[in-house]
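If you want the building blocks of each chain, they are given just below.
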Amino acid sequence: LLTLTFPPLYLRNGDLDTARKLAEQGTAMGTRIGSIMATTFGYWVQGIIARLRGEYQDAVDHFEQSLSAAKTGMPMFLVLPLGSLGTTLLEISPQFADKSIALHTEALKLMEHPVHASMGGVGWAEIGFCALGLEDAEKADELFQKGLNYPTTQGLMYKAVHLLGSAHVALAQKRFDA
């Protein structure tokens with residue numbers, strides 16, 4: 001609960017301090033008891049919070065910790081840190097575009113499997129916005145549409161993000177009737 005439920009709730013309500021505190025507590029507990037899921041998700045949430053605050057080095061560190069935790073036995077959770085780390089690197093500088101694309105390519109490959117696609121709500125959003133940043137509106141549209149149409153819990157949670165991304169695609173493609 002301390003990493004999977006409460007931090008996203010507090011994030012949604014804009015209380016980053018409480019979300020971070022709960023994510024840190026949950027990550028520590030998950031690490032202590034050997035819960036790969038709690039540790040992976042906890043570090044990932046901490047990375048999201050750091051990125052929202054503009055604390056990019058902390059975000060990168062947390063996403064890398066999340067990636068390391070997922071590699072110990074939860075391949076479906078690799079999608080979260082791969083997508084978010086790639087996005088964060090591109091936000092830091094276009095010089096990291098190649099690294100970002102490599103991370104996102106790995107995430108997309110993982111999401112070809114139905115179990116791993118369950119993390120697509122986040123993965124397709126992260127990668128879709130990067131595609132827009134790299135001026136590939138067609139790829140971004142494909143990813144946002146997957147996020148809207150592939151049935152996952154995270155897809156429902158991220159529906160507004162995918163709709164926003166689709167609106168940005170329509171603007172980029174000058175489709176004002178969309």
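Residues numbered from 1 in each chain as written. Predicted model: local features only at pLDDT ≥ 70, side-chain atom pairs only at ≥ 80, totals over all residues. Heavy atoms only, no water.

Caption draft 1: Structural context of the overall build of the protein chain. Counting its regular elements, the protein chain contains eleven helices and zero strands. Taken over C-alpha atoms, the radius of gyration comes to 16 Å for the protein chain, in line with the 16 Å a tight globule of 178 residues would show. Dimensions along the principal axes, computed over C-alpha positions, put the protein chain at roughly 50 × 35 × 30 Å. Looking at the protein chain as a whole, 45% of its 178 residues qualify as buried. Sequence-distant contacts in the protein chain: of pairs separated by 6 or more residues, those separated by 24 or more amount to 55%. Across the protein chain, 14 positive and 18 negative side-chain charges occur, with their mean positions spaced 5 Å apart. (Helix = DSSP H or I, 4+ residues; strand = E, 2+ residues; numbered from the N terminus. Rg over C-alpha atoms; globule rule 2.2 N^0.38 Å. Buried < 20%, exposed > 50% of the residue type's maximum accessible area, 1.4 Å probe, protein only. Contact = heavy atoms within 4.5 Å. Lys, Arg positive; Asp, Glu negative; His and termini not counted. Charge placed at Lys NZ, Arg CZ, Asp CG, Glu CD.)

Caption draft 2: View of the environment of Tyr150. Relative to the helices and strands, Tyr150 is located in the loop between α9 (137-149) and α10 (153-157). Linking Tyr150 and Pro75, residues 75 residues apart in sequence, is a C-alpha distance of 19 Å.

Caption draft 3: Focus on the packing of aromatic side chains. Evaluation of the coordinates by the stated rule reveals three aromatic pairs. Relative to Tyr150, the ring of Trp124 has its centre 5.4 Å away and its plane inclined at 65 degrees; by these criteria the two rings are edge-to-face. Placement of the pair is Trp124 in helix α8 (residues 120-133) and Tyr150 in the loop between α9 and α10, with a sequence separation of 26 residues. (Phe/Tyr/Trp six-rings, centres within 6.5 Å; stacked < 30°, edge-to-face > 60°.)

Caption draft 4: Structural detail: helix α2 (residues 16-33). End to end, α2 covers 25 Å across 18 residues, agreeing with the expected 26 Å (1.5 Å per residue, within 8%). Positive phi shows up at Gly34, right after α2, with a value of about 80 degrees. (Expected span 1.5 Å × (residues − 1).)

Caption draft 5: Spotlight on the side chain of Gln46. With respect to the helices and strands, Gln46 occurs in helix α3 (residues 36-52). A distance of 2.9 Å separates polar atoms of two side chains, one belonging to Gln46 and the other to Thr27. With residues up to four places along the chain from it excluded, the contact list for Gln46 reads Ala23, Glu24, Thr27 and His62. (Polar contact = N/O pair within 3.5 Å; in protein donor to acceptor, adjacent residues only side chain to side chain.)

Caption draft 6: Region of the structure containing the packing of helix α5 (residues 79-92) against α8. Running from N to C, α5 and α8 point in directions that differ by 20 degrees, and their axes come no closer than 8 Å. Looking at the two axes, α5 sits roughly parallel to α8. In the crossing of α5 with α8, the sense of the turn from one axis to the other is left-handed. Note on element contacts: α8 touches α5 through Val122, Gly123, Glu126, Ile127 and Cys130, opposite Val79, Leu80, Gly83, Ser84, Gly86, Thr87 and Leu90. For the contact of α5 with α8, the residue count by class is six nonpolar, five polar and one charged. (Axes fitted to C-alpha atoms, helices over the stretch in contact; angles between N-to-C directions. Parallel < 35°, antiparallel > 145°, perpendicular 65-115°, else oblique. Left-handed = near helix turned anticlockwise from the far one by under 90°. Nonpolar A, V, L, I, M, F, W, Y, C, P; charged D, E, K, R; others polar.)

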